[in-house]
Amino acid sequence: MSLPSATSAGELRSLAERIHQGDASAETELVHEFSHRIFVMAVVRTHDREAARELVQDVLMAVIAALRKGQLLDADKLAPFVHGTARNLINNQLRSQSQRPPLEPLPEDLAQSCSAERLDDAERMRLVHQALERLGQEDRRILWMTLVQGHKPGEIAAALGLTSEVVRTRKTRAVKKVADLIRKKLSRT
Amino acid sequence: MNCQEVEERDILEGYLLDRLTEPEREEFERHYFECGTCFSQLQTGLALQTELRRQPAMPARARGASLLRTWSWAPAFAAIVILLSAGIWWYSARNRQSSQQVAAPPASPNMPVQGQSPSAAPSLEELARVEPPPYSPVVLRGAEDESQETFHKAMQFYVKEDYAKAIPGVRAAAKANPQSASFNFYLGACYLLTGQTDSAIVSFRKTVFLGDPAYSESAHFYLAKAYLRKKEVARAKDELQKTVQSHGGLQSEAAGILRQLGN
């Protein structure tokens with residue numbers, strides 16, 4: 001079972017309906033709910049943070065335009081709808097790799113929400129840098145071997161003279177430690 | 001897909017390293033679009049990966065590991081010291097006994113030959129380590145085609161050691177011009193340097209297949225490195241032998257690795 005997301009299924013359903021009814025604040029909520037997810041998905045698929053930022057805007061605009069027109073037939077499927085739209089636009093971008101004309105730009109207030117995401121991203125990177133400095137050298141090495149070198153826990157265990165279980169535990173603990181620090185600091189701002 | 005599966009199957013790392021199949025990737029994306037916990041961990045993982053890639057490479061061994069290795073030698077070291085002492089005692093005792101009888105050559109004490117240290121064969125991880133293949137931009141006279149332009153732009157990231165950022169452009173160039181050995185070779189290099197070993201193998205194989213003499217030797221060599229990373233020693237040896245047979249600049253390095261692999 002999935003753990004609940006920050007926004008419940010009921011709230012997402014109402015979001016889709018409110019956008020269809022022309023509620024501008026619902027559009028801002030939608031941007032807050034999904035822009036980070038679309039950004040991460042686009043970075044992972046394109047390996048390009050700048051292109052990912054542009055894609056976030058394109059995807060959100062396409063989703064909002066569709067919701068305004070009532071094109072989402074099942075309001076319970078908002079998250080899969082956003083994911084599907086993001087996947088299609090990212091794949092189009094990867095296929096063409098050319099300078100395609102951007103979609104209609106986001107309205108000013110929504111674009112500001114996206115700029116806030118950009119600041120969030122920069123702050124997150126600064127906090128990650130701090131958090132990494134606080135980790136022990138071996139924990140940092142485990143993360144480096146996992147996320148940069150792409151080694152599996154068994155391989156890391158063999159290289160460091162540890163057991164796979166210990167490597168898994170230390171990796172999970174280190175990521176959690178960094179995630180907690182980011183959450184605490186970002187929630188204060 | 002659920003949170004437990006994500007944890008048990010290392011899905012998060014696989015996603016960040018481009019190792020999932022397309023259906024797995026989609027399934028995980030659908031999951032984290034609705035799961036706050038997994039998304040938070042993914043976001044942290046991506047930020048960590050980006051930050052760690054910016055930092056200089058970690059030392060070859062963690063302190064704990066080197067300490068562990070040092071202490072694991074302690075019993076062997078103690079045995080050598082005991083043998084050495086026993087040898088010296090036996091040698092001097094024997095000399096004392098026979099000094100006035102026969103002027104025989106001293107017997108070799110039963111201890112390691114001086115200068116012959118315990119075998120310190122490098123591990124597969126060490127042999128699999130790669131230096132980025134050098135790249136110097138070629139200035140062509142006349143107009144470049146679109147794929148060359150895309151490639152050269154992407155390779156500016158490569159020169160700055162930002163291999164992940166070079167990938168989209170190099171991949172696009174290789175897709176637009178699949179007959180180019182250089183595009184496929186450097187795409188393989190970018191994949192290898194970002195830990196995407198399987199994709200690297202595919203690109204290096206394509207390079208070999210294209211048969212461009214300017215890239216064949218290097219493609220065999222880096223293919224061998226990729227196989228070493230995957231611990232596929234037989235395949236790695238095969239590629240190293242092909243590198244040696246090319247009689248190019250990587251011949252002696254390939255031969256050295258083959259010797260260390262016990263060929």
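Definitions and cut-offs
- Residues numbered from 1 in each chain as written.
- Chains lettered and ligands numbered in written order.
- Predicted model: local features only at pLDDT ≥ 70, side-chain atom pairs only at ≥ 80, totals over all residues.
- Contact = placed C-beta atoms within 7 Å.
- Helix = DSSP H or I, 4+ residues; strand = E, 2+ residues; numbered from the N terminus.
- Axes fitted to C-alpha atoms, helices over the stretch in contact; angles between N-to-C directions.
- Parallel < 35°, antiparallel > 145°, perpendicular 65-115°, else oblique.
- Left-handed = near helix turned anticlockwise from the far one by under 90°.
- Buried ≥ 20, exposed ≤ 12 C-beta atoms within 10 Å, placed from the backbone.
- Nonpolar A, V, L, I, M, F, W, Y, C, P; charged D, E, K, R; others polar.
- Core = buried A, V, L, I, M, F, W, Y, C linked by C-beta atoms within 7 Å.

1. Overview of the interface of chain B and chain A
- Facing the 47 residues of chain B at the interface are 44 residues of chain A.
- A total of 17 residues in the side of chain B that touches chain A trace back to one element, the largest contributor, which is helix H4 (residues 36-54) of chain B.

2. Section: the packing of helix H12 (residues 213-229) of chain B against helix H13 (residues 233-245) of chain B
Residue and element names in this part refer to chain B.
- Interhelical geometry of H12 versus H13 gives an angle of 160° and a closest axis separation of 8 Å. With respect to H13, the element H12 is oriented roughly antiparallel. Seen along the crossing, H12 lies across H13 with a hand that is left-handed. Residues Glu 217, His 220, Phe 221, Leu 223, Ala 224, Tyr 227 and Leu 228 of H12 lie in contact with H13, whose contacting residues are Arg 235, Ala 236, Glu 239, Leu 240, Lys 242 and Thr 243.

3. Some words on the environment of Ala66(A)
Residue and element names in this part refer to chain A.
- Relative to the assigned elements, Ala 66 resides in helix H3 (residues 49-68).
- Owing to 17 C-beta atoms within 10 Å, Ala 66 belongs among the partly exposed residues under this scheme.
- The residues touching Ala 66, leaving out its near neighbours within four places in the chain, are Gln 71 and Leu 72.

4. Quick notes on the packing of helix H2 (residues 24-46) of chain A against H4(B)
- Direction vectors running N to C along H2(A) and H4(B) enclose 45°, while the axes themselves pass 11 Å from each other. By the criterion of interaxial angle, the relationship of H2(A) to H4(B) is oblique. As H2(A) packs across H4(B), the resulting crossing turns out to be left-handed. Two secondary-structure elements touch here, H2(A) through His36(A), Arg37(A), Val40(A), Val43(A) and Val44(A) and H4(B) through Phe39(B), Leu42(B), Gln43(B) and Leu46(B).
- Grouping the constituent residues of the contact of H2(A) with H4(B) by class yields six nonpolar, two polar and one charged.

5. Quick look at the nonpolar core
- With 65 residues, the main nonpolar core has Ile38(A), Ala42(A), Val56(A), Val59(A), Val82(A), Val178(A) and Leu48(B) as its most contacted residues.
- It is H2(A) that contributes the most residues to this core, ten residues altogether.
- With residues up to four places along the chain from it excluded, the contact list for Leu48(B) reads Val128(A), Leu143(A), Leu147(A), Val175(A) and Val178(A).
- In this structure, Phe151(B), Ala164(B), Leu193(B) and Ala224(B) belong to the second largest nonpolar core, which totals 44 residues.

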